[in-house]
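# Notes for the structure review
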Amino acid sequence: MARDFAWIRPEPWGIHVVPADTWIDPARPVGHALVTHGHADHARGGHGVTVATPETLAIMDLRYDTRDGAVPVRYGETIRLKGGVDATYIPAGHVLGSAQILLEHAGERVVVTGDYKRRPDPTCPPFEVTPCDIFITEATFGLPLFTHPPIAEEMDKLLARLAAHPDACVLVGAYALGKAQRVIAELRVAGYHEPIYLHGALEKMCRLYEDFGVPLGDLRLVSDSTKDTMRGRVVMCPPSALNDRWSRRLPEPITAMASGWMRVRQRARQRNVELPLIISDHADWGELTRTIEEVNPAETWITHGREEALLRWHQLHQRKARALALVGYEDEDD
(Lines give C-alpha, C1' and ligand atoms only; values in the text may rest on other atoms or scores of the structure.)
Protein backbone atom coordinates (compact mmCIF):
# COMPACT_ATOMS: atom_id res chain seq x y z
CA MET A 1 0.00 0.00 0.00
CA ALA A 2 1.32 3.44 -0.93
CA ARG A 3 2.08 5.80 1.92
CA ASP A 4 1.14 9.46 1.76
CA PHE A 5 2.75 10.69 5.02
CA ALA A 6 -0.04 13.21 5.48
CA TRP A 7 0.86 13.39 9.18
CA ILE A 8 4.12 15.24 8.45
CA ARG A 9 3.60 18.50 6.59
CA PRO A 10 6.19 21.07 5.46
CA GLU A 11 4.98 24.63 5.89
CA PRO A 12 6.93 27.82 5.04
CA TRP A 13 7.87 28.40 8.70
CA GLY A 14 8.71 24.81 9.72
CA ILE A 15 7.85 21.13 9.68
CA HIS A 16 4.40 20.48 11.16
CA VAL A 17 3.79 17.14 12.87
CA VAL A 18 0.03 17.19 12.43
CA PRO A 19 -1.32 14.57 14.91
CA ALA A 20 0.87 15.98 17.69
CA ASP A 21 0.25 19.62 16.69
CA THR A 22 3.96 20.26 17.15
CA TRP A 23 6.56 21.98 14.98
CA ILE A 24 10.20 21.23 14.28
CA ASP A 25 12.56 24.25 14.31
CA PRO A 26 9.71 26.68 13.61
CA ALA A 27 10.60 30.17 12.38
CA ARG A 28 7.92 31.76 14.57
CA PRO A 29 6.66 31.18 18.13
CA VAL A 30 4.36 28.16 18.47
CA GLY A 31 2.68 26.32 21.31
CA HIS A 32 4.87 23.22 21.07
CA ALA A 33 8.28 23.01 19.36
CA LEU A 34 10.89 20.30 18.86
CA VAL A 35 14.28 21.99 18.37
CA THR A 36 17.27 20.29 16.75
CA HIS A 37 20.04 22.65 17.95
CA GLY A 38 20.80 26.12 19.27
CA HIS A 39 21.72 28.15 16.17
CA ALA A 40 19.47 31.16 15.68
CA ASP A 41 17.94 29.96 12.39
CA HIS A 42 16.65 26.83 14.17
CA ALA A 43 16.15 27.88 17.80
CA ARG A 44 13.99 30.81 18.79
CA GLY A 45 12.35 32.06 21.95
CA GLY A 46 8.65 32.50 22.56
CA HIS A 47 7.42 28.89 22.27
CA GLY A 48 4.99 27.60 24.87
CA VAL A 49 6.91 24.33 25.18
CA THR A 50 10.42 23.71 23.82
CA VAL A 51 11.68 20.11 23.60
CA ALA A 52 15.43 19.69 23.03
CA THR A 53 18.55 18.11 24.46
CA PRO A 54 19.74 19.50 27.80
CA GLU A 55 22.72 21.11 26.04
CA THR A 56 20.53 22.83 23.46
CA LEU A 57 18.16 24.06 26.15
CA ALA A 58 21.11 25.53 28.08
CA ILE A 59 22.32 27.26 24.91
CA MET A 60 18.85 28.64 24.24
CA ASP A 61 18.52 29.86 27.80
CA LEU A 62 21.86 31.64 27.52
CA ARG A 63 20.90 33.27 24.24
CA TYR A 64 17.13 33.75 24.41
CA ASP A 65 16.12 33.29 28.08
CA THR A 66 13.92 30.26 27.32
CA ARG A 67 13.94 28.48 30.68
CA ASP A 68 10.14 28.49 30.96
CA GLY A 69 8.51 25.59 29.11
CA ALA A 70 11.78 23.73 28.53
CA VAL A 71 11.52 19.93 28.30
CA PRO A 72 14.87 18.08 28.15
CA VAL A 73 15.29 14.90 26.08
CA ARG A 74 18.57 13.00 26.14
CA TYR A 75 20.14 11.23 23.18
CA GLY A 76 18.44 7.91 22.57
CA GLU A 77 15.42 8.83 24.69
CA THR A 78 11.98 8.45 23.10
CA ILE A 79 9.05 10.61 24.16
CA ARG A 80 5.41 10.11 23.27
CA LEU A 81 3.68 13.12 21.73
CA LYS A 82 -0.02 13.65 21.20
CA GLY A 83 -1.69 11.69 18.41
CA GLY A 84 0.44 8.58 18.84
CA VAL A 85 3.69 10.11 17.58
CA ASP A 86 7.01 9.04 19.11
CA ALA A 87 10.04 11.34 18.93
CA THR A 88 13.62 10.19 19.53
CA TYR A 89 16.64 12.52 19.67
CA ILE A 90 19.76 11.17 17.91
CA PRO A 91 23.21 12.82 17.65
CA ALA A 92 23.72 15.01 14.57
CA GLY A 93 27.40 15.87 15.05
CA HIS A 94 26.85 19.55 14.23
CA VAL A 95 27.47 21.39 17.52
CA LEU A 96 27.07 20.72 21.24
CA GLY A 97 23.59 19.28 21.84
CA SER A 98 22.65 19.05 18.16
CA ALA A 99 20.21 16.27 17.32
CA GLN A 100 18.37 14.61 14.52
CA ILE A 101 14.76 13.92 15.41
CA LEU A 102 13.29 10.53 14.52
CA LEU A 103 9.49 10.66 14.31
CA GLU A 104 7.48 7.43 14.28
CA HIS A 105 3.76 7.19 13.59
CA ALA A 106 1.53 4.43 12.26
CA GLY A 107 4.52 2.29 11.32
CA GLU A 108 6.23 5.09 9.38
CA ARG A 109 9.59 6.68 10.19
CA VAL A 110 10.72 10.23 9.38
CA VAL A 111 14.13 11.68 10.30
CA VAL A 112 14.62 15.46 10.47
CA THR A 113 18.35 16.11 10.56
CA GLY A 114 18.52 19.80 11.38
CA ASP A 115 22.14 20.65 10.52
CA TYR A 116 24.75 17.90 10.62
CA LYS A 117 28.27 16.88 9.72
CA ARG A 118 30.07 13.54 9.40
CA ARG A 119 33.59 14.59 10.47
CA PRO A 120 34.83 13.78 13.99
CA ASP A 121 34.47 16.68 16.40
CA PRO A 122 35.90 16.64 19.95
CA THR A 123 33.10 18.94 21.16
CA CYS A 124 30.04 16.78 20.37
CA PRO A 125 28.94 13.16 19.74
CA PRO A 126 29.15 11.95 16.11
CA PHE A 127 26.28 11.70 13.65
CA GLU A 128 24.39 8.42 13.79
CA VAL A 129 22.93 6.92 10.61
CA THR A 130 19.25 6.17 11.21
CA PRO A 131 17.24 4.28 8.56
CA CYS A 132 13.87 5.83 7.76
CA ASP A 133 11.17 6.22 5.13
CA ILE A 134 11.57 9.99 4.69
CA PHE A 135 14.89 11.70 5.31
CA ILE A 136 14.62 15.50 5.72
CA THR A 137 18.13 16.80 5.13
CA GLU A 138 19.92 20.12 4.95
CA ALA A 139 22.04 20.95 1.88
CA THR A 140 24.08 23.98 2.98
CA PHE A 141 27.09 22.77 1.00
CA GLY A 142 25.10 20.82 -1.57
CA LEU A 143 27.36 21.45 -4.57
CA PRO A 144 30.10 19.11 -5.84
CA LEU A 145 32.73 21.85 -5.50
CA PHE A 146 32.42 21.70 -1.71
CA THR A 147 34.87 19.12 -0.37
CA HIS A 148 36.08 19.99 3.11
CA PRO A 149 39.75 19.17 3.77
CA PRO A 150 40.85 17.28 6.91
CA ILE A 151 40.71 19.70 9.83
CA ALA A 152 44.22 18.67 10.91
CA GLU A 153 45.54 20.26 7.70
CA GLU A 154 43.81 23.53 8.51
CA MET A 155 45.21 23.50 12.06
CA ASP A 156 48.69 22.93 10.60
CA LYS A 157 48.21 25.98 8.35
CA LEU A 158 47.19 28.11 11.31
CA LEU A 159 50.07 26.98 13.52
CA ALA A 160 52.62 27.35 10.72
CA ARG A 161 51.54 30.95 10.12
CA LEU A 162 51.76 31.61 13.85
CA ALA A 163 55.29 30.16 14.06
CA ALA A 164 56.41 32.24 11.08
CA HIS A 165 55.27 35.50 12.70
CA PRO A 166 56.23 35.34 16.40
CA ASP A 167 55.67 39.09 16.95
CA ALA A 168 52.12 38.97 15.57
CA CYS A 169 48.98 37.11 16.54
CA VAL A 170 46.59 35.10 14.39
CA LEU A 171 43.07 36.47 14.80
CA VAL A 172 40.54 33.74 13.96
CA GLY A 173 36.98 34.75 13.17
CA ALA A 174 34.63 31.92 14.11
CA TYR A 175 30.91 31.56 14.70
CA ALA A 176 30.20 32.02 18.41
CA LEU A 177 28.30 28.73 18.85
CA GLY A 178 30.11 25.61 17.76
CA LYS A 179 32.84 26.79 15.42
CA ALA A 180 34.85 28.79 17.97
CA GLN A 181 34.82 25.92 20.47
CA ARG A 182 35.67 23.34 17.82
CA VAL A 183 38.68 25.34 16.60
CA ILE A 184 39.93 25.69 20.18
CA ALA A 185 39.47 21.97 20.87
CA GLU A 186 41.17 21.01 17.59
CA LEU A 187 44.12 23.26 18.40
CA ARG A 188 44.49 21.35 21.66
CA VAL A 189 44.34 18.04 19.76
CA ALA A 190 47.11 19.40 17.49
CA GLY A 191 49.29 19.96 20.55
CA TYR A 192 48.82 23.70 21.01
CA HIS A 193 48.42 24.26 24.75
CA GLU A 194 49.32 27.93 25.04
CA PRO A 195 46.70 30.42 26.27
CA ILE A 196 44.06 31.29 23.68
CA TYR A 197 42.65 34.81 23.89
CA LEU A 198 38.95 35.50 23.47
CA HIS A 199 36.79 38.39 22.40
CA GLY A 200 34.29 38.95 25.21
CA ALA A 201 31.39 37.81 23.03
CA LEU A 202 32.76 34.24 22.99
CA GLU A 203 33.42 33.76 26.68
CA LYS A 204 30.00 32.67 27.99
CA MET A 205 29.48 30.06 25.26
CA CYS A 206 32.96 28.65 25.80
CA ARG A 207 32.28 28.38 29.53
CA LEU A 208 28.97 26.66 28.82
CA TYR A 209 30.81 24.05 26.72
CA GLU A 210 33.19 23.49 29.62
CA ASP A 211 30.23 23.11 31.99
CA PHE A 212 29.08 20.21 29.78
CA GLY A 213 32.46 18.50 29.99
CA VAL A 214 34.21 19.83 26.88
CA PRO A 215 37.77 20.81 27.89
CA LEU A 216 39.08 23.92 26.12
CA GLY A 217 42.25 24.59 28.09
CA ASP A 218 43.65 27.98 29.12
CA LEU A 219 41.29 30.70 27.85
CA ARG A 220 41.85 34.37 28.58
CA LEU A 221 39.99 37.55 27.69
CA VAL A 222 41.63 40.04 25.35
CA SER A 223 40.25 42.81 27.57
CA ASP A 224 42.31 41.48 30.50
CA SER A 225 45.53 41.11 28.50
CA THR A 226 48.31 43.30 27.13
CA LYS A 227 49.44 43.52 23.55
CA ASP A 228 52.81 41.94 24.37
CA THR A 229 51.27 38.90 26.09
CA MET A 230 49.28 38.15 22.91
CA ARG A 231 52.30 38.14 20.57
CA GLY A 232 52.72 34.73 18.99
CA ARG A 233 49.30 33.64 20.22
CA VAL A 234 45.91 32.69 18.79
CA VAL A 235 43.06 35.15 19.34
CA MET A 236 39.42 34.22 18.68
CA CYS A 237 36.57 36.57 17.83
CA PRO A 238 33.16 36.56 16.13
CA PRO A 239 33.45 37.09 12.34
CA SER A 240 31.90 40.56 12.72
CA ALA A 241 34.88 41.69 14.83
CA LEU A 242 37.60 40.61 12.37
CA ASN A 243 38.03 44.06 10.86
CA ASP A 244 36.44 46.01 13.68
CA ARG A 245 38.04 48.80 15.70
CA TRP A 246 38.33 46.25 18.53
CA SER A 247 41.15 44.45 16.69
CA ARG A 248 43.43 47.51 16.90
CA ARG A 249 44.43 46.51 20.43
CA LEU A 250 46.04 43.33 19.04
CA PRO A 251 49.71 42.89 18.02
CA GLU A 252 49.87 42.99 14.19
CA PRO A 253 46.91 40.62 13.73
CA ILE A 254 46.93 38.18 10.84
CA THR A 255 43.26 37.76 9.99
CA ALA A 256 41.94 34.24 9.56
CA MET A 257 38.43 32.87 9.31
CA ALA A 258 37.16 29.37 9.99
CA SER A 259 34.26 28.53 7.69
CA GLY A 260 33.28 26.12 4.97
CA TRP A 261 32.64 29.20 2.84
CA MET A 262 36.38 29.88 2.76
CA ARG A 263 36.45 27.38 -0.12
CA VAL A 264 35.02 30.30 -2.14
CA ARG A 265 37.89 32.74 -2.64
CA GLN A 266 35.59 35.69 -3.25
CA ARG A 267 34.11 35.29 0.23
CA ALA A 268 37.60 35.41 1.76
CA ARG A 269 38.45 38.55 -0.24
CA GLN A 270 35.19 40.23 0.76
CA ARG A 271 36.11 39.82 4.43
CA ASN A 272 39.78 40.79 3.93
CA VAL A 273 40.83 37.38 5.23
CA GLU A 274 44.54 36.66 4.91
CA LEU A 275 44.37 33.06 6.10
CA PRO A 276 41.23 31.20 4.98
CA LEU A 277 40.59 28.10 7.09
CA ILE A 278 38.16 25.70 5.42
CA ILE A 279 36.48 24.30 8.51
CA SER A 280 32.80 23.46 8.36
CA ASP A 281 30.22 22.14 10.80
CA HIS A 282 28.05 20.99 7.89
CA ALA A 283 28.35 17.95 5.64
CA ASP A 284 30.11 18.54 2.33
CA TRP A 285 28.84 17.21 -1.02
CA GLY A 286 30.37 13.77 -0.65
CA GLU A 287 29.10 13.42 2.91
CA LEU A 288 25.58 14.49 1.96
CA THR A 289 25.32 11.93 -0.82
CA ARG A 290 27.00 9.17 1.22
CA THR A 291 24.61 9.83 4.11
CA ILE A 292 21.59 9.52 1.85
CA GLU A 293 22.92 6.23 0.49
CA GLU A 294 23.53 4.90 4.00
CA VAL A 295 20.15 6.01 5.36
CA ASN A 296 18.52 4.72 2.13
CA PRO A 297 15.13 6.44 2.54
CA ALA A 298 12.19 5.92 0.23
CA GLU A 299 12.19 9.71 -0.28
CA THR A 300 14.45 12.64 0.61
CA TRP A 301 13.17 16.10 1.45
CA ILE A 302 15.75 18.89 1.14
CA THR A 303 15.17 21.75 3.53
CA HIS A 304 17.66 24.51 2.75
CA GLY A 305 20.86 25.20 0.90
CA ARG A 306 21.77 24.17 -2.64
CA GLU A 307 18.71 22.06 -3.45
CA GLU A 308 19.05 21.93 -7.25
CA ALA A 309 22.28 19.94 -7.42
CA LEU A 310 21.14 17.46 -4.79
CA LEU A 311 17.80 17.02 -6.55
CA ARG A 312 19.67 16.30 -9.79
CA TRP A 313 21.86 13.75 -7.99
CA HIS A 314 18.72 11.97 -6.82
CA GLN A 315 17.37 11.89 -10.39
CA LEU A 316 20.62 10.42 -11.72
CA HIS A 317 20.55 7.75 -9.01
CA GLN A 318 16.83 7.02 -9.49
CA ARG A 319 15.94 8.22 -6.01
CA LYS A 320 12.83 10.15 -5.07
CA ALA A 321 13.36 13.66 -3.68
CA ARG A 322 11.74 17.08 -3.33
CA ALA A 323 12.86 20.52 -2.18
CA LEU A 324 11.00 22.29 0.63
CA ALA A 325 10.44 26.05 0.55
CA LEU A 326 11.13 26.82 4.20
CA VAL A 327 11.89 30.37 5.34
CA GLY A 328 14.34 31.62 7.94
CA TYR A 329 17.33 29.36 7.29
CA GLU A 330 20.53 31.29 6.72
CA ASP A 331 24.01 30.82 5.28
CA GLU A 332 25.45 31.49 8.71
CA ASP A 333 29.20 31.98 9.06
CA ASP A 334 29.25 28.20 9.50
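Remember, predicted model here, so these are calculated numbers, not experimental data.

### Notes on the sheet that holds strand S2 (residues 14–17)
Two orientations exist for strands paired in a sheet by backbone hydrogen bonds: parallel and antiparallel. With mixed pairing, 6 strands are arranged side by side in an open sheet as S1-S2-S3-S4-S5-S6. In this open sheet, the two strands that pair with only one neighbour each are strand S1 (8–11) and strand S6 (70–72). Neighbour to neighbour, the strand axes of the sheet diverge by 25° on average, direction disregarded. Taken together, the 4 bridges between S1 and S2 define a ladder with antiparallel strand orientation. The partner of glutamate 11 across the bridge, within S2, is glycine 14.

### As for the pattern of salt bridges
In this structure the tally under the stated criterion is 17 salt bridges. Among the ionic pairs, aspartate 121 bridges to lysine 117, the shortest N-O distance being 2.7 Å. Salt-bridge contacts for lysine 117 lead to aspartate 281; the nearest nitrogen and oxygen are separated by 3.1 Å. One end of the pair, lysine 117, is in the loop between strand S10 (108–112) and strand S11 (134–139); the other, aspartate 281, is in the loop between strand S17 (275–277) and helix H6 (285–295), with 164 residues separating them in the sequence.

### Some points on the packing of aromatic side chains
Using the criterion set out here, one finds 6 aromatic pairs in the structure. Note on tryptophan 13 and tryptophan 23: the rings are 5.9 Å apart at their centroids and 40° apart in plane angle, and the pair reads as tilted. Of this pair, tryptophan 13 sits in the loop between S1 and S2 while tryptophan 23 is found in strand S3 (residues 22–24), placing the two residues 10 residues apart along the sequence. Overall, tryptophan 13 belongs to the partly exposed group, its relative accessible area being 25%. Overall, tryptophan 23 belongs to the buried group, its relative accessible area being 10%. An aromatic cluster of at least three residues, connected via ring pairs, comprises Tyr116, Phe127 and Phe135. One Lys or Arg, arginine 267, reaches over the ring of tryptophan 261 and ends 4.0 Å from the middle of that ring. Cation over ring: arginine 322 sits above tryptophan 301, and NZ or CZ is 4.9 Å from the ring centre.

### Focus: the domain arrangement of the chain
Annotation of the chain at the domain level lists domain 1 (8–145 + 282–323) and domain 2 (151–278). Between domain 1 and domain 2, the residue contacts involve 21 residues of the former and 18 residues of the latter. Across the domain 1/domain 2 interface, buried area totals approximately 1600 Å², and carbon plus sulfur atoms make up 75% of it. Considering only the surface of domain 1 that becomes buried against domain 2, Leu62, Leu96 and Thr123 emerge as the three largest contributors, covering 29% of it. At the junction of domain 1 with domain 2, the criterion picks out 1 salt bridge. Residue arginine 182 pairs with aspartate 121 through a salt bridge whose shortest N-O separation is 3.9 Å. The tally of links between domain 1 and domain 2 comes to 2 residue pairs in polar contact (both at pLDDT 80 or more). Of the residues that constitute the side of domain 1 that touches domain 2, the class distribution is 11 nonpolar, 4 polar and 6 charged.

### Quick word on the environment of arginine 161
Mapping arginine 161 onto the fold places it in helix H2 (residues 151–164). You can call arginine 161 partly exposed: its relative accessible area is 27%. For arginine 161 and glycine 260, which are 99 residues apart along the polypeptide, the C-alpha to C-alpha distance reads 20 Å. Not counting chain neighbours up to four residues away, the residues in contact with arginine 161 comprise Val170, Ile254, Glu274 and Leu275.

### Examining helix H7 (residues 307–316)
Those residues of H7 that sit buried are Glu307, Leu310, Trp313 and His314. The buried residues of H7 occupy an angular sector of 125° when projected down its axis, which confines them to one face. Exposed and facing more than 90 degrees away from the buried side of H7 are Glu308, Gln315 and Leu316. In the core, the buried residues of H7 are packed alongside S11, H6, strand S18 (299–305) and strand S19 (320–323).

### Concerning unusual backbone geometry
The phi dihedral of aspartate 21 is positive, around 50°, even though this residue is not glycine. Checked against the element boundaries, aspartate 21 lands in the loop between S2 and S3. Overall, aspartate 21 belongs to the partly exposed group, its relative accessible area being 43%. Phi is positive for aspartate 25, which is not a glycine, with a value near 50°. As for its placement among the helices and strands, aspartate 25 is situated in the loop between S3 and strand S4 (32–34). Here aspartate 25 falls in the buried class, since its relative accessible area comes to 3%.

Rules behind the numbers
- Residues numbered from 1 in each chain as written.
- Predicted model: local features only at pLDDT ≥ 70, side-chain atom pairs only at ≥ 80, totals over all residues.
- Heavy atoms only, no water.
- Pairing = 2+ DSSP bridges.
- Helix = DSSP H or I, 4+ residues; strand = E, 2+ residues; numbered from the N terminus.
- Axes fitted to C-alpha atoms, helices over the stretch in contact; angles between N-to-C directions.
- Salt bridge = Lys/Arg side-chain N within 4 Å of Asp/Glu carboxyl O.
- Phe/Tyr/Trp six-rings, centres within 6.5 Å; stacked < 30°, edge-to-face > 60°.
- Buried < 20%, exposed > 50% of the residue type's maximum accessible area, 1.4 Å probe, protein only.
- Lys NZ or Arg CZ within 6 Å of the ring centre and 35° of its normal.
- Domains from an automatic or database assignment.
- Contact = heavy atoms within 4.5 Å.
- Buried area = accessible area lost by both parts, 1.4 Å probe.
- Polar contact = N/O pair within 3.5 Å; in protein donor to acceptor, adjacent residues only side chain to side chain.
- Nonpolar A, V, L, I, M, F, W, Y, C, P; charged D, E, K, R; others polar.
- Arc of directions from axis to C-beta.

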